[in-house]
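What follows is each chain in one-letter form.
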Amino acid sequence: MNKKRKVQVTIKPEPKAIRNEYEQHSVKGFYEKLGDEYRNPHESVIRQVLELASAKWSLDFNKVLDLACGSGEVTLALKSLGCSNIDGIDPYTGNAYFNRTGQVAETYTFEDIAAGIISDRSYSLIVCSFAMHLVNSSRLPLLAYQLSLIAESMIIVTPHKRPALKPEWGWMFLDEIAVDRVRARFYN
């Protein structure tokens, strides 16, 4: 006698796109609510573009700022490339960053940085991943300028064509790498 077994299948709903979460809760609201558990779903692509950037561009890993460090996607990728001196800054994801990297992230906002709060520092490279396209276009020039005062080079990893930094903001565009619609833009 064959007995038929009932198999229950649970289908988990697809996670909402982060963009939709931003629209529903605002960027700040999203990270205040979910920042401790945040993981960038594009981590493998971020790693790929940084590996390609390291091979293609002359990058100085002496002292790096992981700006908008999230849960450490960039920091972990840079460590795998031999970079060991990395500072993280993110106002929302400090616990997630610490849990993955063992490092404490400072909690400055883009507004704090634009106001000069880290203007006494010096970095060989800044990497900003999946965040600078969120900066209000009216605030972007001052933020970019302040960053140009503390570093010679910057890589912006973005899922968009934005932002495009202008020379009058202190940055000259040098090159771009794209993998699966994720861009790494190199500025000097």
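So, here is what we can say about the structure in this document. Keep in mind it's a predicted model, so treat the numbers as computed, not measured.

Digging into the packing of aromatic side chains
So, step 1. If you walk through the whole model with that rule in mind, you get 2 aromatic pairs.
So, step 2. Relative to F186, the ring of W57 lies with its centre 4.8 Å away and its plane at 10 degrees, an arrangement referred to as stacked. Here F186 lies in strand β6 (residues 182-187) and W57 lies in the loop between α3 (43-56) and β1 (64-67), a separation of 129 residues in the sequence.
So, step 3. The class for W57 is buried, based on a relative accessible area of 8%.

Quick word on the side chain of R185
So, step 1. Within the secondary structure, R185 sits in strand β6.
So, step 2. From its side chain, R185 meets the backbone oxygen of P163 in a polar contact 3.2 Å long.
So, step 3. When near neighbours in sequence (up to four residues on either side) are disregarded, R185 contacts W57, M154, I155, I156, T158, H160, K161, R162, P163, F173, D175 and E176.

As for a nonpolar patch on the surface
So, step 1. Together, L142, Y145 and L149 line one region of the surface with nonpolar side chains, adding up to about 280 Å² of accessible area.
So, step 2. When you line up the elements, L149 lands in the loop between α7 (140-148) and β4 (154-158).
So, step 3. Residue L149 is classed as partly exposed on the basis of its relative accessible area, which comes to 46%.

Rules used throughout
Residue positions within a chain follow its written sequence, with the count starting from 1. With the structure being a predicted model, the display of local features is reserved for residues of pLDDT at least 70 and the display and counting of side-chain atom pairs for 80 or more, all residues being used for whole-chain, interface and lining totals. Each side-chain value is derived from all of the structure's non-hydrogen atoms; neither hydrogens nor water enter the calculation. Each Phe, Tyr or Trp ring (for Trp, its six-membered ring) is paired with any other whose centre lies within 6.5 Å, and the angle between the two planes then decides the class: stacked below 30 degrees, edge-to-face above 60, tilted in between. Here a strand is any run of E in DSSP of at least two residues, a helix any run of H or I of at least four, and the numbering for each starts at the N terminus. Accessible area is worked out with a 1.4 Å probe on protein chains only. A residue is then buried under 20% of its type maximum, exposed over 50%, and partly exposed in between. Under the rule applied, a polar contact is a pair of N or O atoms within 3.5 Å (in protein, one hydrogen donor and one hydrogen acceptor; residues adjacent in sequence only if both atoms are side-chain atoms). In what follows, a contact means two residues having at least one pair of non-hydrogen atoms within 4.5 Å. Residues with no salt bridge and a relative accessible area higher than 30% make up the patches, which join like charges within 9 Å and nonpolar side chains (Val, Leu, Ile, Met, Phe, Trp, Tyr) within 5 Å. Accessible areas in this description were obtained via Shrake-Rupley with a 1.4 Å probe; residue shielding takes into account the shown protein chains only. Salt-bridge detection follows one rule: a side-chain nitrogen of Lys or Arg within 4 Å of a carboxyl oxygen of Asp or Glu.

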